[in-house]
Amino acid sequence: MKRFTLYFISALIGILLVSCENTDYKNVIPKNSNFVISLDMKSMFNNIDIPDETFNSFSSLLSLFFTGSDSDKFMAMLKGDENTGIDFASPFYFFISPEIDLGLTFKVDDDDDLDDFFDMLKRSNIAKKPVEQDDIKWSTLFDDINVAYNDNTLTLLVAKNSAQSKKELKKLFDNTEDDSFISSAKYEKMESVDGPLVCFYNCAFLNRTNHAENVNDFFASFLPEGVRVVDANVINEWVFNDGQMDVNMELFSTNEKSQKLLEKENKKYETIDGDFINAPNDFLAWIGAGVKGEDFLKRLKAFDEINGYILKLDRAIDIQKIIKSIDGDLAVVIPGLSDKDVEFVMTAKTSNTDFLKDVDYWNETMKDYGIKMSENSKNNFTLSLGKESDGMELNWGVDGDNVYFASKNSFFKSAFSEKSDKLESVRKSITNSIFYAYLNNDGFEKNFSNMLHLKDEGNEQLSNIDSYIFQAKDFCHYTFSICMKDKSKNFIQQMLDVLKDMTSGAGMNR
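Residues numbered from 1 in each chain as written. Predicted model: local features only at pLDDT ≥ 70, side-chain atom pairs only at ≥ 80, totals over all residues. Heavy atoms only, no water.

Q: Talk me through the overall build of the protein chain; I want residue IDs and the actual numbers.
A: If you tally the helices and strands in the protein chain, you get 18 helices and 21 strands. Here the protein chain holds 510 residues, and the buried ones make up 49% of them. Counting contacts in the protein chain only where the partners sit at least 6 residues apart, residues at least 24 apart contribute 65% of the total. Here the protein chain has roughly 25,800 Å² of accessible surface; of this, 49% comes from carbon and sulfur atoms. (Helix = DSSP H or I, 4+ residues; strand = E, 2+ residues; numbered from the N terminus. Buried < 20%, exposed > 50% of the residue type's maximum accessible area, 1.4 Å probe, protein only. Contact = heavy atoms within 4.5 Å. Areas by Shrake-Rupley, 256 points an atom, 1.4 Å probe, with all protein chains shown as cover.)

Right, here's the structure in full:
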């Protein structure tokens, strides 16, 4: 039954109609909603050509719900030749609130057409015949999704308790604009961005997941002191351009005091200068940040697991003193993976290297913990961290005003000696950020092809991806990007072409 529900909702999303804009249908979104998605299908698929193979495979699957003339009629609806009564040219909304597991609201274009649509669904045992009461027509889909509509609004509620869901649905249709999410500053924030898909959520909403405690702890550690998780919100804007998908994220609060604290946090970070935008051409990942040592250490120690590593390393060297000395760029290169370990080299600019004066003292005190340190050359050391750390060895040292740390078989100078064309192409973006992470898909395939069988039939499409990028412009603004090798074709079009290749092969016919 859940699979039927998914297919039916997918079908609704696939039908595009045109009509005038009216915002009254949004009034049903509860004011206390802590998760809202706005989806504008007309904008998302503007100038996108859906391959015939993909459309035919999708429509053939959905037509299994209908028989005879209803099947033909539904196919005509998918093509836009018949009306459902739902206006998919206007954005529709998913929403979740403390009382509602999942709701959807759509603009109604023509309630007579919608009546006919539900008659067709009834004949296929997908919906019950709508019953009118108080100028609202009531029905259910698949016996457990409550539906209500009038001449302006169609709303669906998915809930574990169907009876309670119907009561909540009645309340939603009684909402005025003042009772609705659209009268809130959070909705104004959503409307201020232009992407075809916009998502709002309150950070405390993520407590509803199976990993609620870990998620809540993360946000509590990440947010500045004085900002509660419940006062922090995120807006995600999904943008689909030629060769690239960007998910732009903004962290904000409608609480004035909390918002000021979020903005103040920006002053604790520096923009990347670009001193270490180097890596081997086949690197797996590169990460860079602009760092002020004192603030960086406080931020690291806020995370319990990271603080644990710092305390362990403090047994050998005064890592906290070293971190405090950092002032400027910090970069990590992951050239690849060995059979057992992640290869890495991390380097950072320092304001001073006074910590080197303590090396002899460290050599004495670390013996109490079974740790040894050897000097390979001037200011270049290897730490043997003992049995407690599985005999791990760590190279570290100072080169000029750069401090570096590296895995056993990785070396600072070789890791940063080559200019990568991939990193050079995004240099301007890197130097406009306080944090930047670049995952090279070619390096990913090289390291994981055997484990993930990327060369198997049907999986070659991953080779079309060039890179995955995560960027922080400041503490409140982030972007995650998937970049394609083909920069001339819209991202959605490329994904549809991938789907066409999959559905035209054995994948859909097995």
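Still more to cover.
Q: Any chance you could break down the packing of helix α4 (residues 68-79) against helix α5 (residues 111-123) for me, citing the residues and the numbers?
A: Remark: α4 packs on α5, axes separated minimally by 11 Å, with the N-to-C direction vectors making an angle of 135°. In terms of orientation, α4 and α5 fall into the oblique class. Of the two possible hands of crossing, α4 and α5 adopt the one that is left-handed. On α5, the residues touching Asp70, Lys73, Phe74 and Met77 of α4 are Asp116, Phe117, Met120 and Arg123. Class assignment for the residues of the contact of α4 with α5 results in 4 nonpolar, no polar and 4 charged. (Axes fitted to C-alpha atoms, helices over the stretch in contact; angles between N-to-C directions. Parallel < 35°, antiparallel > 145°, perpendicular 65-115°, else oblique. Left-handed = near helix turned anticlockwise from the far one by under 90°. Nonpolar A, V, L, I, M, F, W, Y, C, P; charged D, E, K, R; others polar.)

Q: Explain the packing of aromatic side chains to me, and be specific about the residues and the numbers.
A: In total, this model carries 20 aromatic pairs according to the counting rule given. Summarising the aromatic geometry, the rings of Phe118 and Tyr149 are spaced 5.2 Å apart at their centres and angled 20° between planes, so their arrangement reads as stacked. You can see Phe118 sitting in helix α5 and its partner Tyr149 sitting in strand β7 (residues 145-149), a full 31 residues away along the chain. On the accessibility criterion, Phe118 (4% relative accessible area) is buried. Judged by centre distance (5.9 Å) and plane angle (20°), the rings of Phe470 and Tyr478 are stacked. Aromatic ring contacts, followed pair by pair, group Phe222, Tyr269, Phe435, Phe470, Phe475 and Tyr478 into a single cluster. Taking the ring centre of Phe252 as reference, the NZ or CZ of Lys189 above it sits at 5.3 Å. (Phe/Tyr/Trp six-rings, centres within 6.5 Å; stacked < 30°, edge-to-face > 60°. Lys NZ or Arg CZ within 6 Å of the ring centre and 35° of its normal.)

Q: Kindly report on a negative patch on the surface, identifying the contributing residues and their values.
A: On the surface, a cluster of negative charge is contributed by Asp24, Glu177, Asp178 and Asp179. By the secondary structure assignment, Asp179 is in the loop between α6 (162-173) and α7 (185-191). (Patch = residues over 30% accessible without salt bridge, like charges linked within 9 Å, V, L, I, M, F, W, Y side chains within 5 Å. Salt bridge = Lys/Arg side-chain N within 4 Å of Asp/Glu carboxyl O. Lys, Arg positive; Asp, Glu negative; His and termini not counted. Charge placed at Lys NZ, Arg CZ, Asp CG, Glu CD.)

Q: How would you summarise the pattern of salt bridges if you had to cite specific residues and measurements?
A: Applying the stated criterion to the full structure yields 16 salt bridges. In this structure, the salt-bridge partner of Asp358 is Lys321, at a minimum N-O distance of 2.9 Å. On the criterion of sequence distance, the pair formed by Asp358 in the loop between β14 (345-350) and α13 (359-365) and Lys321 in helix α12 (residues 319-324) is long-range, its members being 37 residues apart. A residue is classified by how much of its surface remains accessible, and Asp358, at 22% relative accessible area, is partly exposed. With its nearest N and O atoms 2.8 Å apart, the salt bridge here joins Arg427 to Glu424. Among the residues examined, Arg427 registers a relative accessible area of 25% and is labelled partly exposed. Among the charged side chains, a salt-bridge network with shared partners connects Lys422, Asp442, Asp466 and Lys485.

Q: Describe the nonpolar core, listing the residues and the values that go with them.
A: With 62 residues, the main nonpolar core has Phe118, Leu141, Leu154 and Leu251 as its most contacted residues. For this core, the element with the most residues is α5, which contributes 5 residues. (Core = buried A, V, L, I, M, F, W, Y, C linked by side-chain atoms within 4.5 Å.)

Q: Lay out the packing of helix α10 (residues 293-301) against helix α11 (residues 304-313) in plain terms, naming residues and giving numbers.
A: Here α10 crosses α11 at 115°, and the two axes come no closer than 7 Å. Between α10 and α11, the crossing angle belongs to the class labelled roughly perpendicular. Residue-level contacts link Leu297, Leu300 and Lys301 of α10 to Ile306, Asn307 and Ile310 of α11. Taken together, the residues of the contact of α10 with α11 break down into 4 nonpolar, 1 polar and 1 charged.

Q: Before we move on, could you go through α4 and cite the residues and values that matter?
A: Compared with the 16 Å implied by 1.5 Å per residue over 12 residues, the 18 Å span of α4 between its first and last C-alpha is a close match. Buried within α4 are the following residues: Asp70, Ser71, Phe74, Ala76, Met77 and Leu78. Just downstream of α4, Gly80 is the residue with a positive phi angle, here 90°. (Expected span 1.5 Å × (residues − 1).)

Q: How would you summarise the pairing of strand β21 (residues 477-484) if you had to cite specific residues and measurements?
A: The buried fraction of β21 is high, at 6 of 8 residues. Taken together, the 7 bridges between strand β11 (residues 244-252) and β21 define a ladder with antiparallel strand orientation. Bridging across to β21, Met249 finds its partner in Tyr478. Both strand β20 (residues 465-474) and β21 contribute to a ladder of 8 bridges, which runs antiparallel. Paired with Ser467 across the strands is Cys483, a residue of β21. As consecutive antiparallel partners, β20 and β21 are separated by 2 residues. (Pairing = 2+ DSSP bridges.)

Nothing here speaks to function; it is geometry throughout.
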